[in-house]
Amino acid sequence: MSEIEDKIAALKEKGNNQFRKKAYKEAVKHFSEAIKIFEDTGRPLTQGDIKTKITQIYTNRSTSLHLLNQQSSVISDATFVIENLDSTNKKALYRRAHAYQTQGLFEEAARDL
């Protein structure tokens, strides 16, 4: 693994650990730090396992944001996954549909399901 992959993987694990403790704000911080590294290094999607990991980080962060009732941020993260990483990612589609539903955007929600 590259240094970038190592950093992203370590932050993903820290975020997951905080999530398991129901420390969602802390989880979001770790996931966001991993995403910042990904962004700052030019989104290296072809490098090793980064695409898979960053997809998981975005979907994990969107779940944490959902539990913090930050639905517009959930939509943003899920949309990034769908439009840039994996257009058929079931977790991202479900998470975005649920966030749309909580905002009363039922047509948008139905399109994702």
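Structure: above.
Criteria and cut-off values
- Residues numbered from 1 in each chain as written.
- Predicted model: local features only at pLDDT ≥ 70, side-chain atom pairs only at ≥ 80, totals over all residues.
- Heavy atoms only, no water.
- Helix = DSSP H or I, 4+ residues; strand = E, 2+ residues; numbered from the N terminus.
- Buried < 20%, exposed > 50% of the residue type's maximum accessible area, 1.4 Å probe, protein only.
- Core = buried A, V, L, I, M, F, W, Y, C linked by side-chain atoms within 4.5 Å.
- Contact = heavy atoms within 4.5 Å.
- Salt bridge = Lys/Arg side-chain N within 4 Å of Asp/Glu carboxyl O.

A. Representation of unusual backbone geometry. At K22, a position not held by glycine, the phi torsion is positive, near 65 degrees. Summarising the element assignment, K22 is placed in the loop between α1 (3–20) and α2 (24–40). A relative accessible area of 61% places K22 in the exposed class. A positive phi angle, near 60 degrees, is found at N69, a position not held by glycine. Within the secondary structure, N69 sits in the loop between α3 (50–67) and α4 (71–85). Look at N69 and you get exposed, because its relative accessible area is 58%.

B. Local environment of the nonpolar core. Counting 19 residues, the largest nonpolar core has I8, F38, I54, I57, Y58 and L85 as the members making the most contacts within it. Listing elements by their share of this core, those giving two or more residues are α1, α2, α3, α4 and α5 (90–102). Dropping the residues within four chain positions of it, Y58 is found in contact with I35, E39, D77, F80, V81 and L85. Among the nonpolar cores identified, the runner-up in size contains eight residues, and V28, L65, V74 and A109 belong to it.

C. The environment of S76, seen in detail. Along the chain, S76 falls in helix α4. The exposure class of S76 is partly exposed, given its relative accessible area of 46%. For the pair S76 and K51, spaced 25 residues apart in sequence, the C-alpha to C-alpha distance is 18 Å.

D. Summary view of the pattern of salt bridges. In the structure shown here, the tally under the stated rule is eight salt bridges. In this structure, the salt-bridge partner of R20 is E13, at a minimum N-O distance of 3.2 Å. Residue classification places E13 among the partly exposed residues on the basis of a relative accessible area of 39%.

Geometric values such as these leave the question of function open.
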